[in-house]
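Summary of structural features
Residue-level listing of the chains:
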Amino acid sequence: MMHPHSWWQTGVIYQIYPRSFLDGNGDGVGDLPGMKRKLDYVRWLGVDAIWLSPIYPSPMADFGYDISNYTDVHPLFGTMEDLDTLLQQAHQRDLKVILDFVPNHTSDEHPWFQQARSNRTNEKRDWYIWRDPAPDGGPPNNWTSRFGGSAWQFDEHTGQYYLHLFDVKQPDLNWRNQEVRQAMYDVLHFWLDRGVDGFRVDVLWLLLKDEQFRDNPMNPDWKPGDNPSARQIGLYTEDQPGIHRIVQEMRAVVDQYGARVLIGEIYLPLARLLHYYGEQLDEAHLPFNFQLVILPTWGASTVRQVVEAYEAALPQGAWPNWVLSNHDRPRIATRVGPEQARVAQMLLLTLRGTPTCYYGDELGMQDVAVAPELMHDPKGKEHPEHSRDPQRTPMQWESSPNAGFCPPEVRPWLPVANDYQTYNVVAEQHDPRSFLTLVHTLLTLRRTLPALTVGSQQSIDQQNPTCFVYLRQHQDQRCLVALNFSAQDQIVTLPGEGQGRLLLSTRLDREGFIPLSEVHLRGNEGLLLEVEASSLPGEYVRRQHVLHGP
Ligand code: NOJ
């Protein structure tokens with residue numbers, strides 16, 4: 001019988017930041033041989049796919065998001081053979097491999113750009129976005145880089161400006177040029193032919209820019225010192241007409257290969273984000289849903305509101321997804337605190353939809369303060385408080401020096417967290433109540449309970465405003481999730497009768513049966529309960545969500 005759900009719907013994605021996972025050759029930077037050594041860990045953890053941030057040749061101005069060759073591997077990370085064996089060894093373990101695809105810009109050291117900047121009539125000139133100076137000689141318009149400053153760089157040699165929405169070493173490609181599109185689709189074919197299982201597409205919503213190059217409105221709320229990416233309202237640089245055609249084209253390439261996945265990095269308000277599924281569900285399988293990443297206040301009511309608004313707005317047949325952290329944003333344990341982070345993991349791994357976990361979050365890793373002189377991130381150049389280095393520090397494997405990330409005598413590219421002797425894989429695997437044990441158990445339960453993967457989802461009304469309770473159900477299986485967002489003990493009164501069987505507390509210290517009329521939650525505790533249909537009022541049992549296949 002055909003499985004009605006695809007692997008990227010029932011599975012869990014694990015993001016690896018390759019520089020920081022495991023250093024296999026003793027140079028202080030993570031690499032593919034290191035990653036291969038940890039595939040068994042990843043499999044043990046219980047995720048189904050790894051997404052690798054870029055591993056391609058790059059001058060590393062933006063740590064791999066500035067690519068100088070799309071179809072090779074940076075020697076720092078290993079060789080093409082390493083990538084092939086990683087794919088093979090991952091597939092042997094039933095793990096999928098997703099690569100990062102960075103279509104908005106290349107490195108300025110990419111041969112395409114080198115040619116484009118050589119003279120105005122070069123055949124690659126139009127592959128990038130060039131404009132004459134404004135009448136006063138300044139930049140052609142007011143567009144700002146998301147890393148700060150103008151988005152335009154003057155090129156002395158040819159007397160024009162080129163556009164870079166990110167670092168000056170990341171010139172934007174011109175996606176209105178058909179040859180650019182074809183060249184980038186060829187890149188997708190190259191990797192799909194090699195066996196990769198899909199792509200996470202970098203800044204998908206930024207690929208097209210206004211044809212008239214009109215000025216963006218400035219964000220009236222922005223003040224110096226705020227995040228430079230919020231300085232303008234991207235009216236003419238984001239989500240432009242025509243973008244959906246491009247996403248459809250990418251999807252058509254991916255669809256030629258069967259069960260592969262296209263994930264889009266998109267930071268947009270909900271309604272516009274959801275358009276990236278495509279009207280015919282013919283665009284991204286998973287437009288990343290970053291609402292829990294950008295949530296200004298973490299709490300039961302804000303989270304409930306976000307979850308319900310998302311569920312209500314999802315187009316029919318579209319598959320949801322959730323994220324808590326990534327390499328661009330503070331880690332969840334830093335945002336909400338280490339105790340509440342357990343609740344956040346239970347939320348991530350029990351909500352309807354595909355979760356993406358960020359490496360190290362399963363240990364309860366926090367952002368690491370990096371001294372300004374040790375910082376690398378171009379985004380932190382002017383304002384170290386916006387540097388993304390703190391969330392990119394080495395994975396903590398064990399209690400030995402450098403947390404086992406690289407040899408003791410080697411200096412890791414970013415400092416290892418001070419608390420690595422407490423928060424590391426080996427120590428936590430031996431502790432039945434550790435953060436890792438919690439995440440591992442949640443992932444194991446997800447695998448065994450279809451209600452958590454393919455079941456419907458419904459919020460449960462109850463009186464306590466500091467708790468969020470929801471029901472996941474599939475056929476006869478019903479799971480209740482009760483999350484306490486406060487640091488104080490709380491009581492939740494559920495509308496059912498009878499008892500729920502406790503499958504898991506985020507504290508990992510209790511089991512047994514709990515009366516639904518009085519569920520006691522300790523501060524920062526989340527509970528996962530299995531309940532009988534007879535324990536629930538009919539309204540909950542009847543409202544089964546209709547699910548659609550991909
Ligand atoms: C989004 C990536 O996640 C980020 O790390 C990078 O700096 C920008 N895109 C530019 O590629």
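The structure this text deals with has already been given above.
What comes next concerns the included structure. (Residues numbered from 1 in each chain as written. Predicted model: local features only at pLDDT ≥ 70, side-chain atom pairs only at ≥ 80, totals over all residues. Heavy atoms only, no water.)

Turning next to the packing of aromatic side chains. For the coordinates displayed, the defined rule picks out 30 aromatic pairs. Their ring planes at 40° and their centres at 5.1 Å tell us that F288 and F290 sit as a pair that is tilted. Accessibility assignment for this pair places F288 and F290 in one class, buried. Counting every residue linked through ring pairs, the aromatic cluster contains Y14, F21, Y41, W44, Y358, Y359 and W397. Over the ring of W413 we find R19; its NZ or CZ atom is 4.2 Å from the centre of that ring. One Lys or Arg, R125, reaches over the ring of W130 and ends 3.5 Å from the middle of that ring. (Phe/Tyr/Trp six-rings, centres within 6.5 Å; stacked < 30°, edge-to-face > 60°. Buried < 20%, exposed > 50% of the residue type's maximum accessible area, 1.4 Å probe, protein only. Lys NZ or Arg CZ within 6 Å of the ring centre and 35° of its normal.)

Before going further, it helps to spend a moment on the environment of L374. The topology assignment puts L374 in the loop between β11 (354-358) and α13 (425-429). Residues L374 and G337, spaced 37 residues apart in sequence, show a C-alpha to C-alpha distance of 25 Å. If we skip the residues at most four places from it in the chain, L374 touches R411 and L414. (Helix = DSSP H or I, 4+ residues; strand = E, 2+ residues; numbered from the N terminus. Contact = heavy atoms within 4.5 Å.)

A separate point is the site of the ligand. In the vicinity of the ligand, 13 residues are found, and the nearest of them are D62, H105, D202, H327 and D328. R388 places a polar side-chain atom, nitrogen or oxygen, 2.9 Å from an oxygen atom of the ligand. Summarising the interface, the protein chains cover 98% of the accessible area of the ligand, which totals 290 Å² for the free molecule. Here the shell around the ligand is built from residues that sort into 4 nonpolar, 2 polar and 7 charged. (Near = heavy atom within 4 Å. Polar contact = N/O pair within 3.5 Å; in protein donor to acceptor, adjacent residues only side chain to side chain. Areas by Shrake-Rupley, 256 points an atom, 1.4 Å probe, with all protein chains shown as cover. Nonpolar A, V, L, I, M, F, W, Y, C, P; charged D, E, K, R; others polar.)

All right, on to the state of the cysteines then. The tally for this structure, following the rule as stated, stands at 0 disulfides. Of the cysteine sulfurs around C357, a residue in no disulfide, the closest is that of C479, at 18 Å. Among the residues examined, C357 registers a relative accessible area of 9% and is labelled buried. (Disulfide = S-S within 2.5 Å.)

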